[in-house]
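Next come the chains, spelled out residue by residue.
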Amino acid sequence: MDPRGTGGIGPGVGDGLPGGPRPSRSAGTGGPGGPAAKIPFGLTEDTPVYVISVAAQLSGLHPQTLRQYDRLGLVSPDRTAGRGRRYSARDIEQLREVQRLSQEEGINLAGIKRIIELENQVTALQARVAELLDAVEGAAAAIQQREAAVHASYRRDLVPYQQVQQSSALVVWRPKPKRSGQ
């Protein structure tokens, strides 16, 4: 989840550095309120393209810090066949968020890890709620269709159908008094 609403593509991502994609001239700004940045060649923000040195440069952190975050499980980049780390644009944003939480908010790395886990859990639960809502809406639509089919199948020629007029008259019920001889 990108807290700044930039679509996961922040400043410096893909701006011509070695190992990173080059933006097309018609790419959007990706800023708040603007269109999301377009990454050429069909890459997404989850595509691992940055080597550790470029990721460190883009995130403003030392490569050793990135290795430490990987060991702690804060940001886990994909691995190549030779075990080299490859970071995606989403990983870069997460590195920046870890740095911000650590430096600006004063949260320790264990707390940051817990925050990330909880955010991931919330995202997963929101996706599950959306799935369940879709299932409920689908079931409700199916029930309405079945109900309409049942009503359409009624044979009105067997029982004359007359609409009952509703009355607003008040009827008072009074029990008959019991006879003493019974």
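Because the structure is a prediction, the values reported are computed rather than measured.

To continue, consider the overall build of the protein chain. Secondary structure summary: the protein chain contains 4 helices and 2 strands in total. Here the protein chain holds 182 residues, and the buried ones make up 22% of them. In the protein chain, once contacts between residues fewer than 6 apart in sequence are set aside, the share between residues at least 24 apart is 58%. Accessible surface, the protein chain: about 13,500 Å² in total, of which carbon and sulfur atoms supply 55%.

For the protein chain, the mean per-residue pLDDT works out to 78, and 74% of the residues sit at or above 70. Highest mean pLDDT in the protein chain belongs to helix H4 (residues 109–152) (95); lowest belongs to strand E1 (residues 78–79) (89). Note that residues 1–36 has pLDDT below 50 and, in this model, 65 contacts with residues that lie over four places away or in other chains.

Turning our eyes to something else, we now look at unusual backbone geometry. A positive phi angle, close to 75 degrees, is found at Arg 83, a residue other than glycine. With respect to the element layout, Arg 83 can be found in the loop between E1 and strand E2 (85–86).

Note on placement: Glu 93 falls in helix H3 (residues 89–103). With relative accessibility at 7%, the residue Glu 93 sits in the buried group. Here Arg 96 takes part through its side chain, which lies 2.9 Å from a polar atom of the side chain of Glu 93.

Here we take up the side chain of Glu 45. By secondary structure assignment, the location of Glu 45 is in the segment before helix H1 (52–59). At a separation of 2.5 Å, a polar atom in the side chain of Glu 45 contacts the side chain of Arg 90.

Our next topic: the nonpolar core. Formed by 18 residues in total, the largest nonpolar core has its most connected members in Tyr 50, Leu 66, Leu 74, Tyr 87, Ile 92, Leu 95 and Val 98. For this core, the secondary-structure elements that each account for two or more residues are H1, helix H2 (63–72), H3 and H4. With 5 residues, H1 is the single largest residue contributor to this core.

Before going further, it helps to examine H2. Each turn of an α-helix holds 3.6 residues, which means side chains three or four residues apart point in the same direction. For H2, every residue scored as buried is listed here: Leu 66, Tyr 69 and Asp 70. Around the axis of H2, the buried residues are gathered within 100 degrees of arc, so they sit on the same side. With its phi angle positive at about 85 degrees, Gly 73 sits one or two positions after the end of H2.

On to the packing of H1 against H3, then. Close contact between H1 and H3 brings their axes to 9 Å; oriented N to C, the two are set at 50 degrees. Between H1 and H3, the interaxial angle falls into the category oblique. Judged by the twist between their axes, the crossing of H1 over H3 is right-handed. Along the contact surface, H1 presents Ala 55, Leu 58 and Ser 59, while H3 presents Ile 92, Leu 95, Arg 96 and Gln 99.

Tracing the backbone through its elements, the reader meets Ser 102 in helix H3. Note on Ser 102: relative accessible area 28%, which makes it partly exposed. Expressed as a C-alpha distance, the spacing of Ser 102 and Ile 112, which sit 10 residues apart in the sequence, is 7.6 Å. Other than its neighbours up to four places away in sequence, Ser 102 contacts Ile 107 and Ile 112.

Cut-offs and rules
- Positions within a chain are numbered from 1, following the residues in the order the chain's sequence is written.
- Confidence filtering applies because this is a predicted model: local features only for residues at pLDDT of at least 70, side-chain atom pairs given and counted only at 80 or more, and all residues used for totals across whole chains, interfaces and linings.
- The basis for every side-chain value is the complete set of heavy atoms in the structure, and neither hydrogens nor water enter the calculation.
- Runs of H or I in DSSP of at least four residues are treated as helices and runs of E of at least two as strands, each being numbered from the N terminus.
- A 1.4 Å probe rolled over the protein chains alone gives each residue an accessible area, and that area as a share of the maximum for its type sets the label: buried under 20%, exposed over 50%, partly exposed in between.
- Throughout, a residue-residue contact means that at least one pair of heavy atoms, one from each residue, lies within 4.5 Å.
- Residue-level accessible areas treat just the shown protein chains as cover; the underlying method is Shrake-Rupley with a 1.4 Å probe.
- Within a predicted model, pLDDT stands for the predictor's per-residue confidence, ranging from 0 to 100.
- Polar contact is the term for a pair of N or O atoms within 3.5 Å; when the atoms are in protein, one must be able to donate a hydrogen and the other to accept it, and sequence-neighboring residues count only if both atoms are side-chain atoms.
- As used here, the term nonpolar core means buried Ala, Val, Leu, Ile, Met, Phe, Trp, Tyr and Cys residues forming a set that is joined through side-chain atoms within 4.5 Å.
- Arc, as used here, means the arc of the directions from the helix axis to the C-beta atoms.
- Axis angles are defined between N-to-C directions and span 0 to 180 degrees, where every axis is a line fitted to C-alpha atoms and, for a helix, only to the segment in contact.
- For classification, angles of less than 35 degrees are called roughly parallel, those exceeding 145 degrees roughly antiparallel, those between 65 and 115 degrees roughly perpendicular, and all remaining angles oblique.
- In this scheme, a crossing is called left-handed if the near helix is turned counterclockwise away from the far one by less than a right angle; it is called right-handed if the turn is clockwise.

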